[in-house]
Amino acid sequence: MQGIEGYHRMMYSTGYISEKEFRPYRKSISNFINNLDLDSCLKNSIKERLTHSYEYSLQKRLSDSIFSIDKCIWELFFSTEEEVEQFIQDIKKARNNLTHPNDQKTTNDSLNCFINYNRILKVIFMCILFKELGITEEIIRDCLLNDGEYSWFMPNKPERNFELPNI
């Protein structure tokens, strides 16, 4: 877990290093691959994977994003950090099944999973935006708890024993 530092690093850069910094490495690796005794299609496939390998992975972007919000918010959706990591793995698996479909049932299941997980991600990213706008995480959490639109997918929602004033 990298917290807010990882999130800010990710927000202001697109990868581990810039594309410009990565070019010489990509060229070196491509030259090495070209000299291997492999089928040209396999060589091209490997080199194609290098194209965006300097960028953060989906798994890293999601993990940094979720853990950038305070635990009092993400714990409404997840009981443990391991549950967050499983959620991220499930998203990754569903995305891979959608981009590389093998049968209709897996595709349909993955799409339904992706749609449901997208609802949780939408709230998490909304919380990140509110936090960036200067709204405290306590206020964000209280608003989430008092909004019926989100409570159906908050398995860890505590009992509400207060009312927010109308503004």
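If you're wondering where the values come from, they're calculated on a predicted model, not measured in any experiment.

A. Geometry of the layout of surface pockets. Considered as a void within the structure, the largest pocket measures approximately 320 Å³ in volume. Taken together, Glu 48, Arg 49, His 52, Ser 53, Glu 55, Tyr 56, Ser 57, Leu 58, Arg 61 and Arg 95 make up the lining of the largest pocket. The set of elements that each furnish at least two residues to the lining of the largest pocket consists of helix 3 (40–50) and helix 4 (58–66). Here the residues of the lining of the largest pocket sort into 2 nonpolar, 3 polar and 5 charged.

B. Expanded view of helix 4. Summarising burial for helix 4: 7 of the 9 residues are buried, a large majority. Those residues of helix 4 that sit buried are Leu 58, Lys 60, Leu 62, Ser 63, Asp 64, Ser 65 and Ile 66.

C. How the structure looks around the confidence of the model for the protein chain. Summary statistics for the protein chain give a mean pLDDT of 82 and a share of 81% for residues scoring 70 or more. Predicted confidence for residues 160–167 stays below pLDDT 50, and this span has 7 contacts to residues more than four positions away or in other chains.

D. Up close: the pattern of salt bridges. Taken as a whole and assessed by the stated rule, the structure comprises 2 salt bridges. We note a salt bridge from Lys 131 to Glu 137, for which the minimum N-O separation is 2.9 Å. Note on Lys 131: relative accessible area 25%, which makes it partly exposed. For Glu 137, a relative accessible area of 14% gives the class buried.

E. Main features of the packing of helix 2 (residues 19–34) against helix 3. Direction vectors running N to C along helix 2 and helix 3 enclose 170 degrees, while the axes themselves pass 10 Å from each other. Here helix 3 runs roughly antiparallel to helix 2, going by the angle between their axes. Residues Phe 22, Arg 26, Ile 29, Ser 30, Ile 33 and Asn 34 of helix 2 pack against Lys 43, Ile 46, Lys 47 and Leu 50 of helix 3. The class makeup of the residues in the contact of helix 2 with helix 3 is 5 nonpolar, 2 polar and 3 charged.

F. Seen up close, helix 6 (residues 81–99). End to end, helix 6 covers 27 Å across 19 residues, agreeing with the expected 27 Å (1.5 Å per residue, within 8%). Where helix 6 is concerned, the buried positions are Val 84, Phe 87, Ile 88, Ile 91, Ala 94 and Asn 97. Check the buried side of helix 6 and you find it contacts helix 4, helix 5 (71–74) and helix 7 (104–132).

G. Layout of the packing of helix 4 against helix 6. At a minimum axis distance of 10 Å, the contact between helix 4 and helix 6 shows a crossing angle of 145 degrees. For the crossing formed where helix 4 meets helix 6, the hand is right-handed. On helix 6, the residues that touch Leu 58, Gln 59, Leu 62, Ser 63 and Ile 66 of helix 4 are Val 84, Glu 85, Phe 87, Ile 88, Gln 89, Ile 91, Lys 92 and Arg 95. For the contact of helix 4 with helix 6, the per-class residue count stands at 7 nonpolar, 3 polar and 3 charged.

Criteria and cut-off values
Residues numbered from 1 in each chain as written. Predicted model: local features only at pLDDT ≥ 70, side-chain atom pairs only at ≥ 80, totals over all residues. Heavy atoms only, no water. 1 Å grid on protein atoms, 1.4 Å probe; cavity = no way out; pocket = protein on both sides within 12 Å on 5 of 7 lines; lining within 4 Å. Points joined across faces, edges and corners; volume = space filled by probe spheres on them. Helix = DSSP H or I, 4+ residues; strand = E, 2+ residues; numbered from the N terminus. Nonpolar A, V, L, I, M, F, W, Y, C, P; charged D, E, K, R; others polar. Buried < 20%, exposed > 50% of the residue type's maximum accessible area, 1.4 Å probe, protein only. pLDDT = per-residue confidence, 0-100. Contact = heavy atoms within 4.5 Å. Salt bridge = Lys/Arg side-chain N within 4 Å of Asp/Glu carboxyl O. Axes fitted to C-alpha atoms, helices over the stretch in contact; angles between N-to-C directions. Parallel < 35°, antiparallel > 145°, perpendicular 65-115°, else oblique. Expected span 1.5 Å × (residues − 1). Left-handed = near helix turned anticlockwise from the far one by under 90°.

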